Amino acid sequence: MSTGPRVYTGLARREHAGWLLGVQPGQAAACVLLALPVVAILSAGDFTGALAAAAGCGPAIALVVVPVRGRPAARWLAHLLLFQVGIALGWSRWQSKASAGHAVDPAQPDLPGTLTRLRFPEGPPMRDLGRICLIHDTAEGRWGATAKLVHSGVGMLSEAQCQQLANRLGNLLATLAHSEVIDRMSLVVRTVPDTGVEYAAWCASHEAPDVPAAVRRAARELDRTVGAVSVRHEVFVTFTGPEDALRRPAAAAGGGVDGRAVVLYRVLDGLEDKLRALGAQRITWLSGGGLAEAIRTGFNPATAASLAARRAGVPWAAAGPGRAPSPTARVYQHDGFATVSYAVLMPEAGTLFGSLGGLLAVRTAGERRSLAIHYETLSPRRARRVVRAGRFRVGVVRDVKRSKGFNGTAADTRSASGARAQENAVAAGHGLVRFAVAAAVSVPAEWAVEDHAARMENDIAGRFQLLRMDLAQDSGFVTAVLPVGIGLPKLRGAGL
């Protein structure tokens, strides 16, 4: 008997659930501090003064507690203030040294914003594959490497094949969970903008002069209907691990960059078979030139064709954009292109494997869409602590509500059953994964980018919610478009 496709549920759960009425301890403390003057005045018998104090403290408490599009209002104000200060002082403007006429070292990266925290040392040769470029995130203390995959996608697969791939993806993540070196995997899929010029040139040079007119008309009709929706994809996967896990085995392997590379290579070697099981037809671990090209074509999609034809890679000094003006609150401009980035929120009702593919459905030739899924696997010990803390928190909230006479909501019941089921699954040997999904749409700067952003939102409406990364479009671009392993913040929490 068929059991139907697997539905992934519980993906919309907040990572940091509030302890008291959905607020964090810091927010609760701020509320108490803001309420103290009102209570003090009221205890003195001054009702008029207490009312006046409440009129001032009430809006302040609302700013701290009430979430607006994913952030408390007070945090929005702080971010807006920093955003305006950055524009006024010129922090967010950027121009490459080469375009400014300064002398540059071709081997030194010249990248803007969030990317300045990355270093790209070359590791030693990996088997017969040559040198691999390592990615060192100096802010989070992480090391990793990126591979470019050739994959046929999942859009034409049957439910059974998708189910099989989902199981294999679970096996890959379970392998990472038991690895003591690598704990994050970032999968980036980008469409390659195609204006049709290359195809038209190829057709012009290969068209037979004596072809019948009817065949010629049929071919052109096919070009208009099928060619207009055809698109190529680039697929990248980045594996990273924390410095804390790498330090000791790297020292035993000789220390330094080479020692860390040797330790990473041991794990990456074992992951290639699992990537092939996921449908990767070819896996190419990127050297410095290859990774610089991936970053360069991320900033400027129009260079993809010329760089592919040259096959010489890109020097690090030319990997970034020539110029990136101060981003607006809702759009990031870079090298003649404009990008709108989103965080993708999972539906409460659950979703199916491969359902994110709708975000990559390009509607206009020349548009580029990007989708990034960032996974972090927790070690079995840490997973047990997280699910135990989650189940305890849900139980405490439920008991407090019952003791105060409140009826439990459907969401409370679902949270309680989900926390118990999650704890049972982890106890049975399953892993726990943190994840984040980001998406972006890029078009030439002279196009109406808001129209393309609206089409992207419409394409996925009813299945996923897109939360625009307002005031952080430059960081959102890095998260959604560039295969450098940036996309998940550190896991925080008192119980961890």
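Details of the structure are given in the entry above.
Note that the structure is predicted; figures quoted are calculated from it, not measured.

Enquirer: Hey, could you run me through the pairing of strand β9 (residues 184-192) in this one?
Expert: On a regular strand, one side chain projects to one face of the sheet and the next to the other, so that they alternate. Summarising burial for β9: eight of the nine residues are buried, a large majority. Looking at chain direction, β9 and strand β15 (residues 368-378) are connected through seven bridges and run antiparallel. Each residue of the ladder has a partner; that of Arg-184, found in β15, is Glu-376.

Enquirer: Looking at this structure, how should I read empty space enclosed by the protein?
Expert: By rolling a water-sized probe across the atoms, one finds the places where empty space is left. If you walk through the whole model with that rule in mind, you get one cavity of 30 Å³ or more. Estimates place the volume of the largest cavity at around 40 Å³. Every residue along the wall of the largest cavity is listed here: Arg-190, Thr-191, Val-192, Pro-193, Glu-234, Thr-297, Pro-301, Ala-304 and Arg-368. Top element by residues in the lining of the largest cavity is β9. It accounts for three residues.

Enquirer: Looking at this structure, how should I read the packing of helix α11 (residues 380-403) against helix α12 (residues 410-427)?
Expert: When two helices pack together, their arrangement is captured by the angle between the axes and the distance separating the axes. Following both chains from N to C, one finds α11 and α12 inclined at 155°, their axes separated by 9 Å at the closest point. One way to sum up the angle between α11 and α12 is to call them roughly antiparallel. As α11 runs across α12, the sense of the crossing is left-handed. In this structure, α11 uses Ala-383, Arg-384, Val-387, Arg-388, Gly-390, Arg-391, Val-394, Arg-398 and Lys-401 to contact α12, whose residues at the interface are Asp-412, Ser-415, Ala-416, Ala-419, Arg-420, Gln-422, Glu-423 and Val-426. Here the residues of the contact of α11 with α12 are counted per class, giving six nonpolar, three polar and eight charged.

Enquirer: It is not clear to me how the packing of aromatic side chains should be interpreted in this structure. Could you clarify?
Expert: Note on aromatic pairs: each is described by the distance of the centres and the angle between the planes. Tallied over the full model, the rule gives four aromatic pairs. Aromatic side chains Tyr-332 and Phe-477 sit 5.3 Å apart centroid to centroid with 55° between the ring planes, which places their arrangement in the tilted category. A residue pair is termed long-range when its members are at least 10 positions apart, and Tyr-332 in strand β13 (residues 332-334) and Phe-477 in helix α14 (residues 473-481) qualify at 145 residues. In this structure, Tyr-332 and Phe-477 share a single accessibility class: buried. An aromatic cluster of at least three residues, connected via ring pairs, comprises Phe-299, Tyr-332 and Phe-477.

Enquirer: Quick question: what am I supposed to make of the environment of Leu-356 here?
Expert: For Leu-356, the location among the structural elements is in the loop between β14 (337-345) and β15. When the C-alpha atoms of Leu-356 and Val-344 are compared, they prove to be 9.3 Å apart, with twelve residues separating the residues in sequence. When sequence neighbours within four positions are dropped, the list of residues in contact with Leu-356 reads Val-344, Met-346, Leu-371, Ile-373, Val-437 and Phe-464.

Rules used in this analysis
Residues numbered from 1 in each chain as written. Predicted model: local features only at pLDDT ≥ 70, side-chain atom pairs only at ≥ 80, totals over all residues. Heavy atoms only, no water. Buried < 20%, exposed > 50% of the residue type's maximum accessible area, 1.4 Å probe, protein only. Helix = DSSP H or I, 4+ residues; strand = E, 2+ residues; numbered from the N terminus. Pairing = 2+ DSSP bridges. 1 Å grid on protein atoms, 1.4 Å probe; cavity = no way out; pocket = protein on both sides within 12 Å on 5 of 7 lines; lining within 4 Å. Points joined across faces, edges and corners; volume = space filled by probe spheres on them. Axes fitted to C-alpha atoms, helices over the stretch in contact; angles between N-to-C directions. Parallel < 35°, antiparallel > 145°, perpendicular 65-115°, else oblique. Left-handed = near helix turned anticlockwise from the far one by under 90°. Contact = heavy atoms within 4.5 Å. Nonpolar A, V, L, I, M, F, W, Y, C, P; charged D, E, K, R; others polar. Phe/Tyr/Trp six-rings, centres within 6.5 Å; stacked < 30°, edge-to-face > 60°.

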